[in-house]
Amino acid sequence: MFFDQYDRFYTTSQTSPFPHRLNGRHQAIIARNASIISGKRVLDIASHDGRWSFAALQAGAAHVTGIEPRRELIANAHETFAHYGVEESRFDFQCGDVFDLLSAQSFDVVLCLGFYYHTIRHAELLDKIERTGAQFAVIDTEVTPTVDEVAEAPSDDPRLVFANPYSVQLLSDPVDDQQMAWQDSLTRNGRTLVGRPSRAAVKYMANHFGYACETYDWSSHFQARPEQAASMVDYSEGWRDTFFLSKR
Ligand SMILES: C[S@@+](CC[C@H](N)C(=O)[O-])C[C@H]1O[C@@H](n2cnc3c(N)ncnc32)[C@H](O)[C@@H]1O
């Protein structure tokens, strides 16, 4: 399992650094897409302790840029990369809010992992991703549970849909928590507004920005690896999913 060889990542974050979970996500996010990532310039939005930037480089990415507002997490990433001897010319961690930093930078592949439900600016983020020129993106996000969703859009015309399946569930995040949203202009009393989109909403927005969108088959994944399900209940219970966006 990938992270067993690089087990510093089990200690450099308090955000679900469980071996089965990190290795299960690695299978879906990196291993499945290794041939797409290899040789490419990758952007890792919300790069945290560098876990996915590192995994992308090990999968052969030419260069990785991480954007992360929490300075201490970037420091952890730098220490870990030095520990495992990653050449400094292959990565760059930028400290700040993705909405402030991401403009006029170009990338081939974008990883947006564990962040899409820590913002209310979903469409704007996809706009920024598309403007990087990325041909492929992975969005790994909490979604509204399937039971909360309207099964099918009753009409092809979204302006005539009354039971609209393209929903975003409003939530708020405490901004002093390492795994949550960063303080921004929407923050009041220590919390900021965020939203958890439905699967249909993610696909709808991806399509709008010119990406075909498919999801990882988590159900087959857990059939083959039942030992991982306990530390991945958000995926196994259907309220988190992994979306692959390919430019049409
Ligand atoms: C749940 S963690 C996900 C970490 C990692 N990407 C993963 O999937 O394992 C959310 C991360 O988003 C970062 N974050 C929060 N607000 C952000 C913002 N406005 N721009 C960039 N990153 C942000 C947090 O600091 C935290 O590292």
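This text gives an overview of the structure that appears in the document. None of these values were measured; they are calculated from a predicted model. (Residues numbered from 1 in each chain as written. Predicted model: local features only at pLDDT ≥ 70, side-chain atom pairs only at ≥ 80, totals over all residues. Heavy atoms only, no water.)

### Structural notes on the site of the ligand
The cut-off we apply is this: Any residue with a heavy atom lying within 4 Å of a molecule or strand is counted as near it. Identification of polar contacts relies on pairs of N or O atoms within 3.5 Å, with a donor-acceptor requirement for protein atoms, meaning one able to donate a hydrogen and the other able to accept it, and with residues adjacent in sequence counted only if both atoms are side-chain atoms. In short, Shrake-Rupley with a 1.4 Å probe defines the accessible areas, and a residue's cover is counted only from the protein chains shown. We call Asp, Glu, Lys and Arg charged. Ala, Val, Leu, Ile, Met, Phe, Trp, Tyr, Cys and Pro are nonpolar, and the rest, Gly among them, are polar.
Around the ligand sit 21 residues in total, of which Arg25, His48, Arg51, Glu68 and Arg70 are the nearest. Within the contact set of the ligand, a nitrogen atom lies 3.0 Å away from a backbone nitrogen or oxygen of Val98. Here the ligand has 610 Å² of accessible area as a free molecule, and 97% of this is covered by the chains. Per-class residue counts for the shell around the ligand are ten nonpolar, six polar and five charged.

### Concerning the nonpolar core
Heads up, the condition is: Note on terminology: a nonpolar core comprises buried Ala, Val, Leu, Ile, Met, Phe, Trp, Tyr and Cys residues joined through side-chain atoms within 4.5 Å. Each residue is placed in one exposure class: buried if its accessible area under a 1.4 Å probe, protein chains only, is under 20% of its type's maximum, exposed if it is over 50%, and partly exposed if it falls in between. Secondary structure counts use DSSP, requiring at least four H or I residues in a row for a helix and at least two E residues in a row for a strand, with both numbered from the N terminus.
Among the nonpolar cores identified, the biggest contains 35 residues, and Phe3, Val42, Trp52, Phe81 and Leu111 are the most heavily contacted of them. Breaking this core down by element, the ones donating at least two residues are helix H1 (2-5), helix H2 (19-29), helix H4 (51-58), helix H5 (71-83), strand S3 (91-95), strand S4 (109-113), strand S5 (136-142) and helix H9 (218-224). Of the residues forming this core, the biggest block, five residues, is contributed by H4.

### Quick word on the state of the cysteines
The condition is simple: Note on terminology: pairs of cysteine sulfur atoms within 2.5 Å are recorded as disulfides.
This structure, assessed with the given rule, holds zero disulfides. Cysteine Cys95 is unpaired, with the sulfur of Cys112 as its nearest cysteine sulfur at 18 Å. This cysteine, Cys213, is not joined by any disulfide, and Cys112 carries the nearest cysteine sulfur, 12 Å off.

### What about the environment of Ala75?
Note that Ala75 resides in helix H5. Along the sequence, Ala75 and Asp49 sit 26 residues apart, while their C-alpha atoms lie 7.9 Å from each other.

### Thoughts on the pairing of strand S7 (residues 191-197)
In regular strands, side chains alternate between the two faces of the sheet. To be explicit about the condition: Pairing between strands is defined by DSSP: at least two bridges between the two strands are required.
Across the seven residues that make up S7, a large majority, five, are buried. As paired elements, strand S6 (residues 168-174) and S7 share seven bridges and run antiparallel to each other. Paired with Leu171 across the two strands is Val194, which belongs to S7.

### Considering the packing of aromatic side chains
The line we're drawing: Only the six-membered ring of Trp is used, alongside the rings of Phe and Tyr, when aromatic pairs are assigned; centres must lie within 6.5 Å, and planes under 30 degrees apart are stacked while those over 60 apart are edge-to-face, with the rest tilted.
Applying the stated rule across the entire model yields 19 aromatic pairs. With a centroid separation of 6.3 Å and 55 degrees between ring planes, the pair formed by Phe2 and Phe54 is classed as tilted. With Phe2 in helix H1 and Phe54 in helix H4, this residue pair connects regions lying 52 residues apart in the sequence. Judged by its relative accessible area of 0%, Phe54 falls in the buried class.

### A closer look at the packing of H2 against H4
Convention followed: Structural elements are reduced to axes, namely lines fitted to C-alpha atoms, with helices fitted over the stretch in contact, and the angle between N-to-C directions of any two is expressed from 0 to 180 degrees. Angles below 35 degrees are treated as roughly parallel, those above 145 as roughly antiparallel, those between 65 and 115 as roughly perpendicular, and all remaining angles as oblique. Crossings are classed by handedness, with left-handed meaning an anticlockwise turn of the near helix from the far one by less than a right angle and right-handed meaning a clockwise turn. It only takes one pair of heavy atoms within 4.5 Å for two residues to be counted as in contact.
Interhelical geometry of H2 versus H4 gives an angle of 50 degrees and a closest axis separation of 12 Å. In this view, H2 runs oblique relative to H4, as classed from their interaxial angle. Pair H2 / H4 crosses with right-handed handedness. Within the contact between the two elements, H2 uses Leu22, Arg25 and His26 and H4 uses Arg51, Trp52 and Ala55. Classifying every residue of the contact of H2 with H4 by side-chain character gives three nonpolar, one polar and two charged.

The values reported here are purely geometric and, on their own, carry no functional implication.
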